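Here is how the chains run, residue by residue.
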Amino acid sequence: MITSLALRRFFSTPKGLLIIILVILAALAAPKEGLRLVTPGLAGAIAAAGLMDLLILRLKRDVWEFPDGAILTGLFVAMVLSPHEAWYIAACTSAVAILAKHVFRTRSANIFNPAAIGIVATFYIFDTGQSWWGALPEITPLALLVLFATGLFIADRVNKMPLVLVFLGIYFLLFTLTTFVSDPEILAEIYRAPDLHAVLFFAFFILTDPPTSPVKYPDQIICGIIVAVASYAFFEVVGAAYYLLAGVLVGNVWEAWRRWSSSRRRVTEREGSAAEQFVRRLHNTG
């Protein structure tokens, strides 16, 4: 039985706080988008993600676990996809996201941000549109302050502020430099809704996903640069609507490689230390 104390503890964790923030943002954005329009996709995405994660966790661990991460994935999927998409498209995207989370993983964590890989994968199946309506692009400009304040709060809570700042700095720098050799309208677009809202939502809430982003500040700086450059490159070369999500997937691959390299290095160091101790014992015995 879930007690009020357990609920308070959960909603004080980063996952719990992020669920609260996303629900608040969705509640603010939904009336403008149209409740009848956003509700089916939102409900379908959350239900599909939660049910699939619940069943997979049951099969893997033989216990029932609350699928908090899956609820976040469903919220992200629904709030990024256009509300004009059919509800089953949001549900299928969430299901693909959860399946990818459990398939592509190391011993300690999943490799890819689930929502990002789900949306990118199903783009080629359903040709989905992405409006990022959950980033509040269609309501009063003051909503940008809400997005910025909640984003700063969660980025600070998960200790990923360097990652966010470096990404945003390099991202805007690259697009600004581009205006000197191409159409300056590009710069105007990225500073206007919905592009500005989308990149802030992405940087604060998706890029900072703890299982798929670095912990140490130097690694966060490198990752922020990689994701910014990759996002910019996908925008310029491919021109796909998912360029931000493609960028974070590139960052996820780098982070997974970095963790694997660090793990191998520690194993090698331990083996070397053990060998040295063995040689010393033989020497002392002789």
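Here goes a summary of the coordinates provided. This one's a predicted model, so the numbers in the text were calculated from it and none came from an experiment.

About the thresholds
Residues numbered from 1 in each chain as written. Predicted model: local features only at pLDDT ≥ 70, side-chain atom pairs only at ≥ 80, totals over all residues. Heavy atoms only, no water. Phe/Tyr/Trp six-rings, centres within 6.5 Å; stacked < 30°, edge-to-face > 60°. Buried < 20%, exposed > 50% of the residue type's maximum accessible area, 1.4 Å probe, protein only. Core = buried A, V, L, I, M, F, W, Y, C linked by side-chain atoms within 4.5 Å. Helix = DSSP H or I, 4+ residues; strand = E, 2+ residues; numbered from the N terminus. Contact = heavy atoms within 4.5 Å. Patch = residues over 30% accessible without salt bridge, like charges linked within 9 Å, V, L, I, M, F, W, Y side chains within 5 Å. Areas by Shrake-Rupley, 256 points an atom, 1.4 Å probe, with all protein chains shown as cover. Salt bridge = Lys/Arg side-chain N within 4 Å of Asp/Glu carboxyl O. Lys, Arg positive; Asp, Glu negative; His and termini not counted. Charge placed at Lys NZ, Arg CZ, Asp CG, Glu CD. Axes fitted to C-alpha atoms, helices over the stretch in contact; angles between N-to-C directions. Parallel < 35°, antiparallel > 145°, perpendicular 65-115°, else oblique. Left-handed = near helix turned anticlockwise from the far one by under 90°. 1 Å grid on protein atoms, 1.4 Å probe; cavity = no way out; pocket = protein on both sides within 12 Å on 5 of 7 lines; lining within 4 Å. Points joined across faces, edges and corners; volume = space filled by probe spheres on them. Nonpolar A, V, L, I, M, F, W, Y, C, P; charged D, E, K, R; others polar.

### Things to note about the packing of aromatic side chains
Then, number 1: Enumeration according to the criterion identifies 18 aromatic pairs in this entry.
Then, number 2: Aromatic side chains Phe 235 and Tyr 243 sit 5.0 Å apart centroid to centroid with 70° between the ring planes, which places their arrangement in the edge-to-face category.
Then, number 3: Under the relative-accessibility criterion, Tyr 243 is labelled buried at 9%.
Then, number 4: Clustering of aromatic rings is evident, with ring pairs tying together Phe 167, Tyr 171, Phe 172, Phe 175, Tyr 191, Phe 202, Tyr 232, Phe 235 and Tyr 243.

### What to know about the nonpolar core
Then, number 1: Formed by 71 residues in total, the largest nonpolar core has its most connected members in Phe 167, Tyr 171, Phe 201, Phe 202 and Phe 205.
Then, number 2: Of all the elements, helix H10 (residues 195-206) adds the most residues to this core, at 10 residues.
Then, number 3: Beyond its immediate stretch of four places on either side in the chain, Phe 205 contacts Leu 18, Ile 21, Leu 25, Phe 76, Leu 147, Thr 150, Gly 151 and Ile 154.

### With respect to a positive patch on the surface
Then, number 1: Taken together, Lys 216, Arg 265, Arg 266 and Arg 270 make up a surface patch of like positive charges.
Then, number 2: Within the secondary structure, Arg 266 sits in helix H12 (residues 243-285).
Then, number 3: Arg 266 sits in the partly exposed class, given a relative accessible area of 44%.

### Some thoughts on the packing of helix H3 (residues 35-61) against helix H5 (residues 87-103)
Then, number 1: Their axes nearest at 7 Å, the elements H3 and H5 cross at an angle of 30°. In terms of axis orientation, H3 runs roughly parallel to H5. The handedness of the crossing between H3 and H5 is right-handed. Contact residues: H3 offers Pro 40, Gly 41, Gly 44, Ala 45, Ala 48, Ala 49, Met 52, Asp 53, Ile 56, Leu 57 and Lys 60, while H5 offers Trp 87, Ala 90, Ala 91, Ser 94, Ala 95, Ile 98, Leu 99, Lys 101 and His 102.

### Digging into the layout of surface pockets
Then, number 1: One number sums up the size of the largest pocket: a volume of about 660 Å³.
Then, number 2: Taken together, 33 residues make up the lining of the largest pocket; nearest its centre are Lys 15, Gly 69, Lys 101, Asp 209 and Pro 211.
Then, number 3: Secondary-structure elements contributing two or more residues to the lining of the largest pocket are helix H2 (14-33), H3, helix H4 (68-80), H5, helix H6 (114-126) and H10.
Then, number 4: Sorting elements by how many residues they give to the lining of the largest pocket places H4 first, with five residues.
Then, number 5: Every residue lining the second largest pocket is counted, 25 residues in all, and those nearest its centre are Arg 259, Trp 260, Ser 262, Ser 263 and Arg 266.

### Some thoughts on empty space enclosed by the protein
Then, number 1: Applying the stated criterion across every chain, the model contains one cavity of 30 Å³ or more.
Then, number 2: Here the largest cavity is characterised by a volume of approximately 80 Å³.
Then, number 3: Lining of the largest cavity is provided by Val 38, Gly 41, Leu 42, Ala 78, Leu 81, Ser 82, Pro 83, Glu 85, Ala 86, Ala 90 and Trp 133.
Then, number 4: Counting residues per element, the lining of the largest cavity draws most heavily on H3, at three residues.
Then, number 5: When its residues are assigned to classes, the lining of the largest cavity shows eight nonpolar, two polar and one charged.

None of this, on its own, says anything about what the molecule does.
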